[in-house]
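The chain contents come next:
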Amino acid sequence: MPVAEQNRERPISTSQKSAGWALASLSLATLLSSLGTSIASVGLPSLMQVFGAPFQAVQWVVLAYLLAITTLIVSAGRLADMFGRRPLLLGGIALFTSASVLCGLAPTLWLLIAARAMQGLGAALMMALTLAFVTETVSKDRTGSAMGLLGAMSAIGTTLGPSLGGLLIAGLGWRAIFLINVPLGFLTFALAWRALPAGNKTAQPVQGKFDATGTVLLALTLAAYAMAMTLGRGNFGTLNIGLLAVTALGIALFAVAQRSVNTPLVQLASFRDLRLSASLAMSLIVATVIMATLVVAPFYLSRGLGLDAAMVGVVLSTGPLVSTLSALLAGRLSDRFGAHRMMVAGLISLATGTALLSLAMTTVGIASYVGPITVTCFGYALFQTSNNAAVMSGVGASERGVISGLLNLSRNLGLITGASLMGAIFAVASAGTRQGTGQDLLSSASAARGMQVTFETSTALALVALVLALFSLRISGRPQPGIA
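These numbers were taken from a predicted model, which means no experiment stands behind them.

**Student:** Sorry if this is basic, but what is going on with the environment of Arg194 here?
**Tutor:** Along the polypeptide, Arg194 turns up in helix 9 (residues 181-195). Given a relative accessible area of 56%, Arg194 falls into the exposed group. Here the alpha-carbon distance between Arg194 and Trp21, two residues 173 residues apart in the chain, equals 8.2 Å.

Dropping the structure here:
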């Protein structure tokens, strides 16, 4: 009898080991895509000098990557649903790695920008499919923990990028910030090739043709919105308004196109699932809120508290560090107490933290930022992990790719919106005082005022998300139409 029990345990142990290796490959893919976002920013001054180009041109090294991800991530998920997630994820890793080589060898700025767009396409495939693969590699009772690990790896990549990039540029030059991805890419590809499941026998690929028309319309619409939010550095002009008009028209045309094809890019009926719609809306709102900490905090710390650049960097690292550590704990809490309950708890913490940030007083010093940002980022990590777990655990196998893409898209759109909206609110609220030089100089009082108004707005948005979460919790036990 004991021998029989041991024989039965062996397959379970092997399965757990395989799941561990698969999760390791997904974690590395998440790290790569987030590192690609953050590491390039620190190299912009060097690129301006090397290529003799203005900031307006060099910034496209970052924008091309972000735009490629934003415009293609949903299409990447749908392609995976149709043709298989494993080959598409492996292709994404290979494309990202190859593009990193091209970035590192680029002889001109515009070839570098083109290679970064190609790298963004690889990142879109990785970001869309890592979440989709979680439900195929770990048991349902460990979904939250797995999502927490991916969230932690994303935060590590975002945090590590600037410091690692600075060291590489100082020691080896700007090309090293792209070439560092090559060995990491080979390792990720090898692990994914070895460990990721070839397919789910119970899941059938989506039949029909790929919706090329819908893909082009959605890509152009998202590109127009992203450019409307990023061009002009927060100052809305005729071009921004025109791009928003194009965005509105694109949304209408996309909706019409989706109703006229047999296999649409996005099943509009999916949005009848109120839980899914609420989760996507919450993801966008929360990303908009969290972006305020990245846009406004540096001005508050430098102008409001008078910290030097080095100290600003140290204090700013508090948020990403808290998010990294909290994501692992958030996964376990989600598994133990339920994803929907932890979403509510996370949003309560987020709203509390932003409310405390709105009360920040320069007389208190660094503590006026560190304490509230700890509460804010813990709430963000708890919400993000629980929301991803709640959505992906309730999605049918044939829709996991595109729903994962929509989750990532809602977050990216929130970050883009937050960068523009929160920056504009801070600029208007702080209203720098005119001094002897004739230029607007941001005083300590002005920075504190801008901080207050920006985070009062953030708190209001967080409360809207909390209402949606309570609504989602209330209907979580009811059957919903749409996706399974």
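**Student:** Just checking my understanding: could you explain the packing of aromatic side chains for this structure?
**Tutor:** When we look at a pair of aromatic rings, we describe it by the centre distance and by the angle of the planes. The full count for this structure, using the stated rule, is 3 aromatic pairs. When the ring of Phe189 is compared with that of Trp193, the centres are 6.1 Å apart and the planes differ by 25°; the resulting orientation is stacked. In this pair, Phe189 and Trp193 are both assigned in helix 9, 4 residues apart and thus about one turn of the helix distant. A connected cluster of aromatic rings, assembled from ring pairs, spans Phe51, Trp174 and Phe178. Stacked on the ring of Trp193, the Lys or Arg Arg86 has its end atom at 5.2 Å from the ring centre.

**Student:** Help me out: how do you make sense of the confidence of the model for the protein in this one?
**Tutor:** The share of residues in the protein with pLDDT of 70 or more is 82%, and the mean pLDDT across the chain is 78. Of all the helices and strands in the protein, strand 1 (residues 433-434) carries the lowest mean pLDDT, 40, while helix 5 (residues 85-105) carries the highest, 91. Low pLDDT, under 50, characterises residues 433-440; the predicted model gives this stretch 9 contacts beyond four residues in sequence or across chains. Throughout residues 479-484 the model reports pLDDT below 50, and contacts reaching past four residues in sequence, or to other chains, amount to 18 contacts.

**Student:** What should I look at first to understand the environment of Ala192 in this one?
**Tutor:** Its location among the elements puts Ala192 in helix 9. Assessed through its relative accessible area of 1%, Ala192 is described here as buried. Along the sequence, Ala192 and Arg86 sit 106 residues apart, while their C-alpha atoms lie 8.4 Å from each other.

The rules behind these values
- Each chain has its residues counted from 1, following the order in which its sequence is written.
- This being a predicted model, a pLDDT of at least 70 is required before a residue's local features are given, and a value of 80 or more before pairs of side-chain atoms are given or counted; all residues contribute to the totals for chains, interfaces and linings.
- Computation of side-chain values covers all heavy atoms of the structure but excludes hydrogens and water.
- Where helices and strands are cited, they refer to DSSP runs of H or I of at least four residues and of E of at least two residues respectively, numbered from the N terminus.
- Note on exposure labels: buried denotes an accessible area under 20% of the residue type's maximum, exposed denotes more than 50%, and partly exposed covers the range between, all computed with a 1.4 Å probe on protein chains only.
- A pair of aromatic rings is counted whenever rings of Phe, Tyr or Trp (Trp by its six-membered ring) have centres within 6.5 Å, and the orientation is called stacked for planes under 30 degrees apart, edge-to-face for over 60 and tilted otherwise.
- Whether a charge lies above a ring is judged from NZ of Lys or CZ of Arg, which has to be within 6 Å of the ring centre and within 35 degrees of the ring normal.
- For every residue, the pLDDT score states the predictor's confidence, bounded by 0 at the bottom and 100 at the top.
- Any pair of residues with heavy atoms lying within 4.5 Å of one another is described as a contacting pair.

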